Amino acid sequence: MTSEQPTPAQPPEAAATRPPRGLVLAVAAVLAALLAVVATVLLWPEKEPAPLPPPPSPTTATPTPTPTPTPPPTPSRVVPYTFFPVGTCFDHPQQTRTVTKPEARPCEGEHDGEVVADLLLPDGLTETQLNKAVRDGCKESLAAAEARQGGGTFYTLPIGPPMAQYQQGWRDYTCSLTSGTRPGTPKLTGHLK
C-alpha cells in the first residue's frame, strides 16, 4: 500500500483575494506597451540637421575674364584649396622638394615666393577657360609687382581653384612672384617691394 497524502486545499480566503487571471494578463500587456513606448522615445534617433543648400550654379552668360580684387577670406570662410592673402611668403613643391603642397613661410627668412594679388574669377568658365583666366588675370598685378622690384629675375605663379571647387562656387585665386621654377634656384630672403 502506498500512502498518498492528499493535497491540502487552499484556504478559501487566499483564493478569494487573488485577482482574476484575465486582469493580471491585461495589466501585464498595458505595462509592456508602456515600456515599449518609453523605450521608443528614449532610443529614437535625434533629427539630423538639414543639409546646406548647394552653392549657386554658374550662369550661362558668356564669361568675361576680368578679375576683381578680393579681400582675403575671413576665418569663417576657409578656402578649400591653396590660397594665401597678399603679402604672404611661401615655399612651393616646384622649388622646394621638402614640401608637398604650398606652405606659408616667414618673409624674413628664405622662401620661394610672395603673394602680390588676390583676385576673383568670373562665373561660367570651362576648365580650359579657368586656367587661362587665372593666368591672364594675374598678368597686370604681376607685371606691376615685378616693376616695383627694380630689377632681378622673377617668375609668376598663379594659383587658382581646381575645376571641382570652381563648380561649387569658389572664385578666389592668388597671384605670386617666385624666385624660380625648379628646385635649386635661389630663394627670396625678404618682402618684395
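Rules and cut-offs
Residues numbered from 1 in each chain as written. Predicted model: local features only at pLDDT ≥ 70, side-chain atom pairs only at ≥ 80, totals over all residues. Heavy atoms only, no water. Helix = DSSP H or I, 4+ residues; strand = E, 2+ residues; numbered from the N terminus. Buried < 20%, exposed > 50% of the residue type's maximum accessible area, 1.4 Å probe, protein only. Contact = heavy atoms within 4.5 Å. Areas by Shrake-Rupley, 256 points an atom, 1.4 Å probe, with all protein chains shown as cover. Pairing = 2+ DSSP bridges. Patch = residues over 30% accessible without salt bridge, like charges linked within 9 Å, V, L, I, M, F, W, Y side chains within 5 Å. Salt bridge = Lys/Arg side-chain N within 4 Å of Asp/Glu carboxyl O. Disulfide = S-S within 2.5 Å.

A. Up close: the overall build of the protein chain. A count of helices and strands for the protein chain gives four helices and six strands. Moving toward the C terminus, one meets the helices and strands of the protein chain in the order α-α-β-β-β-β-α-β-α-β. For the protein chain, with 193 residues in total, the buried portion stands at 30%. A sequence separation of at least 24 residues applies to 69% of the contacts in the protein chain between residues at least 6 apart. For the protein chain, the exposed area adds up to about 13,300 Å²; of that, 61% sits on carbon and sulfur atoms.

B. Representation of the pairing of strand S4 (residues 113-120). Among the eight residues in S4, seven count as buried, and that is most of the element. Both strand S2 (residues 89-91) and S4 contribute to a ladder of two bridges, which runs antiparallel. When the bridges of S4 are listed, Phe90 appears paired with Gly113. Two elements, S4 and strand S6 (residues 172-178), share seven bridges in a ladder whose sense is antiparallel. Counted as the bridge partner of Leu120 is Asp172 from S6.

C. Fine view of a nonpolar patch on the surface. A cluster of nonpolar residues, Leu23, Val27 and Leu31, forms a patch on the protein surface that exposes about 280 Å² of accessible area. Here Leu31 is to be found in helix H2 (residues 21-43). When its relative accessible area of 53% is taken as the criterion, Leu31 is described as exposed.

D. View of the state of the cysteines. Under the definition given, this model contains two disulfides. At a sulfur-sulfur separation of 1.9 Å, the disulfide partner of Cys138 is Cys175. Residues Cys138 and Cys175 are joined through a disulfide that is left-handed, its torsion about the S-S bond being -80°. With Cys138 in helix H3 (residues 127-148) and Cys175 in strand S6, the pair connects residues that are 37 residues apart, well separated along the chain. For the residue pair Cys138 and Cys175, the accessibility class agrees, reading buried in each case. When the bonded cysteines of the protein chain are numbered from the N-terminus onward, they pair as 1-2, 3-4.

E. How the structure looks around the pattern of salt bridges. Under the defined criterion, the tally for this structure stands at seven salt bridges. Note that Arg105 is salt-bridged to Asp91, the shortest N-O span being 2.9 Å. Here Asp91 lies in strand S2 and Arg105 lies in strand S3 (residues 103-105), a separation of 14 residues in the sequence. Look at Arg105 and you get partly exposed, because its relative accessible area is 28%. Measuring nitrogen to oxygen at the nearest pair gives 2.9 Å for the salt bridge that ties Asp123 to Arg171. Pair noted here: Asp123 is in the loop between S4 and H3 and Arg171 is in the loop between helix H4 (163-167) and S6, with a separation of 48 residues, a long-range link. Assessed through its relative accessible area of 37%, Asp123 is described here as partly exposed. Among the charged side chains, a salt-bridge network with shared partners connects Asp91, Glu103, Arg105, Asp112 and Lys187.

That's the geometry; what it means functionally is another story.
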